[in-house]
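# Structure assessment
The lines below spell out each chain.
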Amino acid sequence: MKRRIILGTALTGLMALSTGIAGAETPPLEQKDRYKVGFAQMESNNPWRIAETKSFHDTAKTCNWDLIATDAAGSAAKQVADVDSMIAQGIDVLFLPPREEKPLIPAVMKAKAAGIPTFLVDRSVDPNVAKPGEHFVAFLGSDFIDQGERAADWLIANFEGDKGVIVELEGTTGSSPANDRKKGFDDQIATDDRFEIVASQTGDFARDMGRQVMETLLQAHPEVNVVYAHNDEMAIGAIQALELAGRKPGEDVTIVSIDGTRDALQAIIDGKMGVTVESSPFFGPLACEVMQKYAAGEEIPGWVQVKDRVFTVDNAADHIDEAY
Ligand code: GZL
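Criteria and thresholds
Residues numbered from 1 in each chain as written. Predicted model: local features only at pLDDT ≥ 70, side-chain atom pairs only at ≥ 80, totals over all residues. Heavy atoms only, no water. Helix = DSSP H or I, 4+ residues; strand = E, 2+ residues; numbered from the N terminus. Buried < 20%, exposed > 50% of the residue type's maximum accessible area, 1.4 Å probe, protein only. Contact = heavy atoms within 4.5 Å. Domains from an automatic or database assignment. Buried area = accessible area lost by both parts, 1.4 Å probe. Salt bridge = Lys/Arg side-chain N within 4 Å of Asp/Glu carboxyl O. Nonpolar A, V, L, I, M, F, W, Y, C, P; charged D, E, K, R; others polar. Polar contact = N/O pair within 3.5 Å; in protein donor to acceptor, adjacent residues only side chain to side chain. Pairing = 2+ DSSP bridges. Axes fitted to C-alpha atoms, helices over the stretch in contact; angles between N-to-C directions. Near = heavy atom within 4 Å. Areas by Shrake-Rupley, 256 points an atom, 1.4 Å probe, with all protein chains shown as cover.

## Quick look at the environment of C63
Along the chain, C63 turns up in the loop between helix 2 (47–62) and strand 2 (65–71). Classification of C63 by relative accessible area gives buried; the value is 3%. Along the chain, C63 and E289 lie 226 residues apart, while their C-alpha atoms are 8.7 Å from each other. In this view, C63 contacts C288 and Q292; residues no more than four positions away in its chain are not counted.

Structure follows, in structure tokens:
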């Protein structure tokens, strides 16, 4: 019996070493006065990203962080390289918003192998490969499936036509918000047979690409009367394209979106957008709170879920002053 346990332990050890991952636990974080914190941002191509990065810089002042913040300019490969650099600089803890679910797995594994606890923020990685509580401590973020479902629910409740012809503008291909906002919306809208999604294409969460894609899809589907955008930047771009084509967003096209940016709330107030489901970028304070709890030895759930509000004409004006 004893020999089998020793052999079993040795095999487990070998397996762990072969994946470069020693042990099933995430690395500890000792309690100390100041921490060297890594924040490997993916890009700064929209107000949401800029607000998130500012949230981490602002929190560094109040959470006793020596913050090392990088920007991968939209490249998953560079984001992995940025994490490598932070590991070499000896960070105590890593906060990572993985641009895409699969390419950022190596960064998660390398941080663990270096004994650095990682918290994924705002996006997650492929759950079939990297798991909370084993490869990273936790995912701090929204329920993107729920966000998509709530956008669909608003459309079902507020669309007055007999036939909804939908164009869907998807977020960054391979990212967890794009995957799940699509799943949540598409599954929910399928419960109402008035609606048909006639086209679904990525605009990479970017305003200008959203505008360009909308222009193209409008040529192919002039009968479109609903646009579902995975984020407000693409929704605003779509509104620009529709108005350039002589359409009247909010009158002959219903726009539903996600994020809650200032421009989106203004578009709702102006009657051009119907709804935007909040997806907060302000992760700094939550990151500080969860990291301190982890250092104190508290149990951290694998998903620290951020709760989202819904903004419509009924409340947009009440919240625009706090928007980014
Ligand atoms: C959501 C975040 C998304 C935003 C977009 O947590 O990953 O990325 O919805 C941003 O605006 O580009």
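## Description of the domain arrangement of the chain
Under the domain assignment used here, the chain contains domain 1 (35–142 + 281–308) and domain 2 (144–279). The straight-line distance from the C-alpha centre of domain 1 to that of domain 2 is 29 Å. Both faces considered, domain 1 and domain 2 share a buried interface measuring about 1,400 Å² in area, 45% of it formed by carbon and sulfur atoms. Notably, a salt bridge pairs D204 with R99, separated by 3.3 Å at the nearest N-O pair. The residue inventory of the side of domain 1 that touches domain 2, partitioned by class, reads four nonpolar, four polar and seven charged.

## As for the side chain of T276
If you trace the backbone, T276 turns up in strand 10 (residues 275–278). One polar contact links T276 to D232, side chain to side chain, over a distance of 2.7 Å. Not counting the four nearest positions on each side in its chain, T276 is found in contact with D232, S257, I258, D259, G260, A264, L265, I268, V310 and F311.

## Side note on unusual backbone geometry
With a phi angle near 65°, F205 is a residue other than glycine that sits in the positive phi range. Inspection of the secondary structure assignment puts F205 in the loop between strand 7 (195–202) and helix 7 (207–220). A positive phi angle, near 135°, is found at D259, a position not held by glycine. According to the relative accessible area criterion, D259 is buried, its value standing at 5%.

## Details of the sheet that holds strand 4 (residues 118–121)
Taken in spatial order, the six strands line up as 2-1-3-4-5-11 in an open sheet, and their pairing is parallel. The open sheet has two edge strands, strand 2 and strand 11 (303–305), and neither has a second partner. Strand-to-strand twist in this sheet, taken as the mean axis angle between neighbours without regard to direction, amounts to 20°. By the bridge criterion, three bridges tie strand 5 (residues 138–141) to strand 11 in an arrangement that is parallel. By the bridge assignment for strand 11, G141 is matched with Q305. Running over the sheet, helix 2 touches strand 1 (35–41), strand 2, strand 3 (93–96) and strand 4 and is turned about 160° from strand 2.

## Things to note about the site of the ligand
Near the ligand, the surroundings consist of N46, W48, R49, D122, R123, F144, P177, R181, F205, N231, D259 and S279. In this structure, R49 approaches the ligand through a side-chain N or O atom, which is 2.9 Å from an oxygen atom. Alone, the ligand offers 320 Å² of accessible surface; in the complex the protein occludes 99% of this. Listing elements by their share of the shell around the ligand, those giving two or more residues are helix 2 and helix 6 (176–189). Considered class by class, the residues forming the shell around the ligand number four nonpolar, three polar and five charged. When residues of the shell around the ligand are sorted by domain, at least three fall in each of domain 1 (35–142 + 281–308) and domain 2 (144–279).

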